[in-house]
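Fold and contact review
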Number of protein chains: 2
Amino acid sequence: MILAVDIGGTNYSLALGTSDGRIHKRTTGSTNRSGGAQWMIERVLKGGGRLIASSPEAVSACGISFGGPVDFASQRIVNSTHVSGWDNLALTETIQGDLGIPAIVDNDANAGALGELTFGAGRGCRHLVYYNVGTGIGAGIIINGEIYRGANGNAGELGHVPVNPDGPLCDCGNRGCLESLCSGTAIGRRGEEAVRRQPWRGGGIRQAAGGPVTARAVFDAARSGDGLALELVNETCRYLGMGVAAAMNALAPEAIVIGGSVAKAGRALLEPLRELTDRFLMPVHRPHLTILPARLKGNSGLLGAVALAATLQTEDQATG
Amino acid sequence: MILAVDIGGTNYSLALGTSDGRIHKRTTGSTNRSGGAQWMIERVLKGGGRLIASSPEAVSACGISFGGPVDFASQRIVNSTHVSGWDNLALTETIQGDLGIPAIVDNDANAGALGELTFGAGRGCRHLVYYNVGTGIGAGIIINGEIYRGANGNAGELGHVPVNPDGPLCDCGNRGCLESLCSGTAIGRRGEEAVRRQPWRGGGIRQAAGGPVTARAVFDAARSGDGLALELVNETCRYLGMGVAAAMNALAPEAIVIGGSVAKAGRALLEPLRELTDRFLMPVHRPHLTILPARLKGNSGLLGAVALAATLQTEDQATG
């Protein structure tokens, strides 16, 4: 039995999970941003302690998916964009000290990649690329069944592959990263701009949005055949296709898995994405392109955390 | 002692090399394109036989760097763009049968990556990205000290990362690949176009070229401060920087090594490339960016072949 923790800027979850990918007990709450890191750590320790006490079996480890940069080698949180107090914080040490079980943390994109590989759409893959297309675009690369971290620990940042050198400013400080054009935030912003620029064509999207334009409204309007929305989806999938084709040409994984809130658009995203990725793909890779929707969805963070904690146990077995 | 073979569309070389990266005897000739694969195979068998007979030590294996796509798993040449008769050819079988030593073949970009890792600029790296910027742009990715091939065997094609969706048509059939904008051929073509479009600014490049514009002429003119040439180099390094930054953000290797004929431009290429790559790099990767010129140069194919044959011997030791 594993204690799984998913810490996000909007919500957090705690659960008991088993190494076959089942979630037993689960509690979810809204993140109190003004409470800072301390508030969240208290929730994790109290809620985690309660779950461990209620578990029918011994809880052997704690896995944590964190919605922000993590220095995996030192097991420290780097920071959080949304919540204060996380800078350089040794989260796993605190958890190990308080709950008395080994703990391991990684960022949510790597955890999601590992979760999809172990329990989701990527089961059986040796090499896998995972994109979490939500507020930003996180990504995780699996090579030979393991998260690939590179020489400095920060490999896998496929959301920051440049796709348009004259594109909009990205949160990372550069111009024209995939994230700056294709994240949920970026699709909403581009939708809002398009509706303002061409108000006579924007009715469908405005109606779907009922307020400021969101990525969801763009995909909803596209699904009903709205012309402007279809153009926006096409432009999004053209850029996303450049990024996915770059990843396929370079890494040739068995599957590319797309998760995150934007992936909820389903076929309205995946069908044009497959078609437009194909255009930027080397012919030799075309027959091998497999783009799949993530399967863990709401549980990706928790099941990623379970898979992460399972790597800890494998290491124990290997060394012990 | 290893028999090293380098087969290119313009030249070919045969040599004896040792596993410490020294080339002992070496013969080089011009490729007779009209002679097809058969002509080349005869040269390799005859020349190889002569080298083996003259070797002071037993020759244990043959490594081959081939200038075209190779199906590594089946050890077959896929084809050659320039020379007929190579389609689906089992080159290593023929060599093993005739010369009586185990043989191994890979494409020249992978061989170059392995050569630079083992004997050149990338010594000591665990993860490495190698670009061969010449007629086209080949690339090889080293992960954990080995060529990374992906699930379908064709990983590493970083020359076909799309950097401009409206860019020129590439030999691979797509638009705006790195190769279509930054290969030696592409730089020459873009130079020629620029000189025709702005003849009043093209004198420096024309003079350096003495005929149709080449990549070399563009870099030579840029080195003398020619304005149009500097613009072309800047544009080249901007696109190349997008590709290199994508590779760094994704793979975070210890070093990125640039070889091939265009790399002969030296600092005129590497200085603007470093600066422009930096602009597209996530801040977290910036302190780790290391772009190095290849060190094996004229011997990269042969030393890559030596390194390749050495992997064969390591495998023998591991399994035998």
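The following refers to the structure shown. None of the values given here were measured: they were computed from a predicted structure.

Here is what the cut-offs are and how they apply
Residues numbered from 1 in each chain as written. Chains lettered and ligands numbered in written order. Predicted model: local features only at pLDDT ≥ 70, side-chain atom pairs only at ≥ 80, totals over all residues. Heavy atoms only, no water. Helix = DSSP H or I, 4+ residues; strand = E, 2+ residues; numbered from the N terminus. Rg over C-alpha atoms; globule rule 2.2 N^0.38 Å. Buried < 20%, exposed > 50% of the residue type's maximum accessible area, 1.4 Å probe, protein only. Contact = heavy atoms within 4.5 Å. Areas by Shrake-Rupley, 256 points an atom, 1.4 Å probe, with all protein chains shown as cover. Least-squares fit on C-alpha atoms with pLDDT ≥ 70 in both. Pairing = 2+ DSSP bridges. Axes fitted to C-alpha atoms, helices over the stretch in contact; angles between N-to-C directions. Salt bridge = Lys/Arg side-chain N within 4 Å of Asp/Glu carboxyl O. Phe/Tyr/Trp six-rings, centres within 6.5 Å; stacked < 30°, edge-to-face > 60°. Lys NZ or Arg CZ within 6 Å of the ring centre and 35° of its normal.

Some details on the overall build of chain A
When helices and strands are tallied, chain A shows ten helices and twelve strands. Taken over the C-alpha trace, chain A has a radius of gyration of 20 Å; the compact-globule value for 320 residues is 20 Å, and the two agree within 12%. Taking all 320 residues of chain A together, the buried fraction comes to 57%. In chain A, the proportion of contacts linking residues at least 24 apart, taken out of those at least 6 apart, comes to 62%. Just so you have it, chain A exposes about 13,000 Å², and 48% of that area is on carbon and sulfur atoms.

Brief notes about the side chain of D106 of chain B
Mapped onto the elements of the fold, D106 of chain B is located in strand β7 (residues 103-107). Those residues in contact with D106 of chain B that lie beyond four places of it in its chain are I64, S65, F66, V70, F72, R149 and L308 of chain B.

Overview of the relation of the copies chain B and chain A
For the pair chain B and chain A, the relating rotation is 180°, the translation along its axis is 0.0 Å, and the fit reaches an RMSD of 0.0 Å. Accordingly, the operation relating the two chain copies is best matched by a two-fold axis. It is V163 of chain B whose C-alpha, among those of chain B, lies nearest the rotation axis, at 3.0 Å.

Looking at the sheet that holds strand β8 (residues 128-133) of chain A
All names here are of chain A. Spatially, β10-β9-β8-β11-β12 is the arrangement adopted by the five strands of the open sheet, whose pairing is mixed. Looking at the sheet topology across the chains shown, the edges are occupied by β10 (146-147) and β12 (291-293). In terms of strand pairing, strand β11 (residues 255-259) meets β12 through three bridges, oriented parallel. Within β12, the position partnered with I256 by the bridge is I291. The strands touched by helix α3 (residues 108-119) within the sheet are β8, β9 (137-143), β10 and β11, with β9 carrying the most contacts at an inclination of about 50°. Taken strand by strand, helix α8 (residues 227-251) contacts β8, β9, β11 and β12, and its axis lies near 160° from that of β8.

Quick notes on helix α7 (residues 215-223) of chain A
Every α-helical turn comprises 3.6 residues, leaving residues that sit three or four positions apart pointing alike. Among all positions of α7 of chain A, only A215, A217, V218, F219, A221 and A222 of chain A are buried. If you follow the buried residues of α7 of chain A, they end up packed against α5 (184-197), α6 (203-209), α8 and α9 (267-279) of chain A.

What about the pairing of strand β4 (residues 61-66) of chain A?
All names here are of chain A. The buried fraction of β4 is high, at six of six residues. Burial of β4 is two-sided: the residues A61, G63 and S65 facing one way and the residues C62, I64 and F66 facing the other way are all buried. Both strand β1 (residues 2-7) and β4 contribute to a ladder of six bridges, which runs parallel. For L3, the partnering residue across the bridge sits in β4 and is C62. Where β4 lies against strand β7 (residues 103-107), five bridges are found, and the strand directions are parallel. Of the residues in β7, the one forming a bridge with I64 is V105.

Observations concerning the pattern of salt bridges
Summed over all chains, the structure comprises 26 salt bridges over all chains. Among the salt bridges present, the one from R267 of chain B reaches E271 of chain B, with a minimum N-O distance of 2.9 Å. Placement of the pair is R267 of chain B and E271 of chain B together in helix α9 (residues 267-279), with a separation of four residues, close to one helical turn. Since its relative accessible area comes to 43%, E271 of chain B is described here as partly exposed. A cluster of three or more residues bridged by salt bridges with shared partners is formed by E192, R196 and R206 of chain A.

With respect to the packing of aromatic side chains
Residue and element names in this part refer to chain A. Inspection of the entire model under this criterion finds four aromatic pairs over all chains. The interplanar angle of 90° and the centroid separation of 5.8 Å between the aromatic rings of Y12 and W39 together place this pair among those described as edge-to-face. Note that Y12 is positioned in strand β2 (residues 11-17) and W39 in helix α1 (residues 36-54), a separation of 27 residues in sequence. The pair formed by Y12 and W39 is uniform in burial state, with each residue classed as buried. Its guanidinium or amino end placed over the ring of F72, R149 lies 3.4 Å from that ring's centre, counting from NZ or CZ.

Some words on the pairing of strand β1 (residues 2-7) of chain B
All names here are of chain B. Counting buried residues along β1, six of its six residues qualify, which places the element largely inside the surrounding structure. Taking every second residue as pointing to the same face, both faces of β1 are buried, with I2, A4 and D6 on one and L3, V5 and I7 on the other. Of the strand pairs in this sheet, β1 and strand β2 (residues 11-17) are connected by six bridges, and their pairing is antiparallel. Counted as the bridge partner of A4 is A15 from β2. The loop that links β1 with its antiparallel partner β2 comprises three residues.

Focus: the sheet that holds strand β8 (residues 128-133) of chain B
In any sheet, the strands associate via hydrogen bonds between backbone groups, in a parallel or an antiparallel arrangement. Residues and elements named next belong to chain B. With respect to topology, five strands assemble into an open sheet ordered β10-β9-β8-β11-β12, the strand pairing being mixed. This sheet does not close on itself; its edge strands, each paired only once, are β10 (146-147) and β12 (291-293). Lying on the sheet, helix α3 (residues 108-119) is in contact with β8, β9 (137-143), β10 and β11 (255-259); it crosses β9 at an angle near 50°. Helix-sheet contacts for helix α8 (residues 227-251) involve β8, β9, β11 and β12, and the interaxial angle to β8 is about 160°.

Here's the deal with the side chain of T31 of chain A
Residues and elements named next belong to chain A. Structurally, T31 is set in the loop between β3 (23-30) and α1. Residue class for T31 comes out buried when judged on its relative accessible area of 13%. The contacts of T31, once residues within four sequence positions are left out, are G8, G9, T10, N11, Y12, W39, M40 and V83.

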